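Structural description and commentary
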Amino acid sequence: AQSPLPALPCGAQLDLHESATLGLGGQVWWPAAAALCRWLLRANVRGASVLELGAGTGAVGLFAAALGAKDVLLTDGAEEVVELAAVNVERNAPLWRDAGANVRVSRLLWGNACLPEGWSDCAASGSLILGSDVTAMTGDHELLCETLTGLLAAK
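Report on the accompanying structure.

Each value, and the rule that gives it
- In this convention, every chain numbers its residues from 1, walking through the sequence in written order.
- In view of the model being predicted, local features appear only for residues whose pLDDT reaches at least 70, and side-chain atom pairs are presented and counted only at 80 or more, with totals across whole chains, interfaces and linings using the full set of residues.
- With hydrogens and water excluded, all non-hydrogen atoms of the structure serve as input to the side-chain values.
- Buried residues are those whose accessible area, probed at 1.4 Å on protein chains only, stays under 20% of the maximum for their type, while exposed residues exceed 50% and partly exposed ones sit between those limits.
- Only runs of H or I of at least four residues qualify as helices and only runs of E of at least two qualify as strands under DSSP, and these elements are numbered from the N terminus.
- One requirement defines pairing of two strands: DSSP has to find at least two bridges between them.
- Look down the strands so they point away from you; if the path from the first strand over the helix to the second goes clockwise, the crossover is right-handed.
- What makes a nonpolar core is a set of buried Ala, Val, Leu, Ile, Met, Phe, Trp, Tyr and Cys residues whose side-chain atoms join them at distances within 4.5 Å.
- Contact between two residues is taken to exist if any of their heavy atoms lie within 4.5 Å; hydrogens are not considered.

Things to note about the pairing of strand β2 (residues 71-76)
Extensive coverage of β2 is indicated by the burial of six of its six residues. Pairing geometry for strand β1 (residues 49-52) and β2, over four bridges, is parallel. Pairing of Val-50 across the sheet is with Val-72, part of β2. In this region the chain leaves β1, passes through helix α2 (residues 59-66) and returns to the parallel neighbour β2; the handedness of that crossover is right-handed. Pairing of β2 with strand β3 (residues 102-107) involves six bridges; the strand directions are parallel. Note that in β3 the partner of Leu-74 across the bridge is Val-105.

Quick look at the structure:
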């Protein structure tokens, strides 16, 4: 499906699959993703390592990959949503394949002391932690803060 995200500088659009049947909130793109993608158009992400928290469809991380990020890790806590993000990685791979970007998907439960695999390796160089519309319930805020603290300590 054609996404409502901004077009990439080359004129292409991400092709994002959504799933209304998951009922988890991460199965569709949210308006903040479009706003963050517009910000990414102005930022220089070429060569950066990007970690997307609560990736859902993966829209923001995939957009960063298409803009030249070298290493992108999409994470979400729900296995079904991780599978959806993996589908979107495959659907959009031609946008970054020639640039040699490494785009991966991993499950990450917030509040867990375990960092996503490979994060400490890529955190040493220019890296971004991105997330848009990642919490719908205030109970998630503390877990998200714990996760961010662990990720930033690894830098």
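With respect to the nonpolar core
One finds Leu-5, Leu-40, Leu-62, Trp-96 and Val-103 to be the most contacted residues of the largest nonpolar core, which totals 29 residues. Within the residue set of this core, elements represented by two or more residues are α1 (31-42), α2, β2 and α3 (79-92). Among the elements that take part in this core, α2 stands out by supplying six residues, more than any other. Filtering out sequence-adjacent residues up to four positions away, Leu-40 remains in contact with Val-45, Val-60, Phe-63, Ala-64, Leu-67 and Leu-130. Residues Leu-51, Leu-53, Leu-73 and Leu-151 belong to the second largest nonpolar core, which totals seven residues.

Geometric values such as these leave the question of function open.
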